[in-house]
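Summary of structural features
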Amino acid sequence: MPSAKKFLASGLLAISLLSVAHGSAKFKAAVSYAVGTKPSAAAVGDFNGDGKPDIVVINSGDASVGDNGGLSILLGNGDGTLKSAANVSAGTNPLAVAVADFNGDGRADLVLADSSGIGMLLGNGDGTFDTLTHIASTGFSAFVTGDFNRDGRLDLAIVDASGSLAVLLGNGDGTFQGPTRVVTSNGAFFHCRRRFQ
């Protein structure tokens, strides 16, 4: 049986639903969805405000043949299935994505890392997004979101390939203050922790 990683490498998104009955748990057969070239990351959010989870997939593309990659937006039907992907040009060979409401309008926005740095796409609330605006220069490739200064506005912590850490404080309107470097002794890396119950 092909792994999810193998499906992603071939330009497909595979989803398996967990079925729990009589004390035993089994995954149902995976359903595959066509997306762009070299999908490398995905995130979940409600992009059209219908209360159903949607998926955004980062497609890294193939720079050697002029394919800059982009995003695939798959709107959820609410029953574990998705509509066909809407492929969107966004960034140059993106690598990572996160979903959050950065401007406080109640709509899901996207932040992504690409070969030019960290960029923001504000959500329109109908499954579409505004044009990508870069907020941090090239060299930053990983990030996490959170309210790091407890002012009620989402901020970004970003790391570059050398392990340098910087924090961009959010202004609450989809823009950020300039990066403030944080000194770390042995380089920085991100470890995600999430409470599931």
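For the structure given in this document, a descriptive report is provided here. (Residues numbered from 1 in each chain as written. Predicted model: local features only at pLDDT ≥ 70, side-chain atom pairs only at ≥ 80, totals over all residues. Heavy atoms only, no water.)

1. Comments concerning the overall build of the protein chain
Quick note on the threshold: Put simply, DSSP marks the helices as runs of H or I at least four residues long and the strands as runs of E at least two long, and each gets a number from the N terminus on. The buried label applies to any residue whose accessible area, calculated with a 1.4 Å probe on protein chains only, is under 20% of its type's maximum; exposed applies above 50%, and partly exposed to all values in between. Accessible areas in this description were obtained via Shrake-Rupley with a 1.4 Å probe; residue shielding takes into account the shown protein chains only.
Looking only at helices and strands, one finds one helix and 16 strands in the protein chain. Here the protein chain holds 197 residues, and the buried ones make up 35% of them. Approximately 11,100 Å² of the protein chain is accessible, and the part contributed by carbon and sulfur atoms is 53%.

2. Structural notes on the pairing of strand 11 (residues 117–121)
Consecutive side chains along a regular strand alternate between the two faces of the sheet. The condition that has to hold: DSSP bridges decide pairing: two strands pair if at least two such bridges lie between them.
Where burial is concerned, most of strand 11 is hidden: five out of the five residues are buried. Alignment of strand 10 (residues 109–114) against strand 11, held across five bridges, turns out to be antiparallel. Of the residues in strand 11, the one forming a bridge with V111 is M120. With antiparallel pairing between neighbouring strands as the criterion, strand 10 and strand 11 make up a hairpin whose turn holds two residues.

3. Here's the deal with the environment of L82
Tracing the backbone through its elements, the reader meets L82 in the loop between strand 7 (70–74) and strand 8 (86–88). Sequence separation between L82 and I55 is 27 residues; the distance between their C-alpha atoms is 8.4 Å.

4. Observations concerning the side chain of S60
Counted only if it meets this: What qualifies as a polar contact is a pair of N or O atoms within 3.5 Å, subject to a donor-acceptor requirement within protein and to the restriction that residues adjacent in sequence count only when both atoms come from side chains. It only takes one pair of heavy atoms within 4.5 Å for two residues to be counted as in contact.
Note that S60 resides in the loop between strand 6 (54–59) and strand 7. Here the side chain of S60 touches P94 through a polar contact of 2.8 Å, landing on its backbone oxygen. Beyond its immediate sequence surroundings of up to four residues, S60 is in contact with T37, K38, S40, D67, N68, G69, N93, P94 and L95.

5. Some thoughts on the nonpolar core
Here is the rule: Remark: nonpolar core denotes a set of buried residues (Ala, Val, Leu, Ile, Met, Phe, Trp, Tyr, Cys) joined through side-chain atoms within 4.5 Å.
Counting 15 residues, the largest nonpolar core has F47, V56, L71, I73, L110, L112 and L121 as the members making the most contacts within it. Elements supplying a minimum of two residues to this core: strand 6, strand 7 and strand 10. When residues no more than four places from it in sequence are discounted, the contact partners of L110 are F47, V56, L71, I73, V97, A98, V99, G119, M120, L121 and F129. Counting residues in hydrophobic clusters, the runner-up holds 14 residues, among them M120, F143, A166 and F176.

6. What to know about the packing of aromatic side chains
In plain terms, the rule: Any two rings among Phe, Tyr and Trp, with Trp reduced to its six-membered ring, count as a pair given centres within 6.5 Å; such a pair is stacked if its planes are under 30 degrees apart, edge-to-face if over 60, and tilted if neither.
Evaluation of the coordinates by the stated rule reveals two aromatic pairs. Centre to centre, the rings of F47 and F129 are 5.4 Å apart; their planes meet at 75°, and the pair counts as edge-to-face. Placement of the pair is F47 in the loop between strand 5 (39–45) and strand 6 and F129 in the loop between strand 11 and strand 12 (133–136), with a sequence separation of 82 residues. Exposure class is identical for F47 and F129. Each is buried. Taking the centre distance of 5.8 Å and the plane angle of 65° together, the rings of F102 and F176 count as edge-to-face. Note that F102 is positioned in the loop between strand 9 (96–100) and strand 10 and F176 in the loop between strand 15 (165–168) and strand 16 (180–182), a separation of 74 residues in sequence. What makes F102 buried here is its relative accessible area of 3%. The class of F176 is buried, set by a relative accessible area of 14%.

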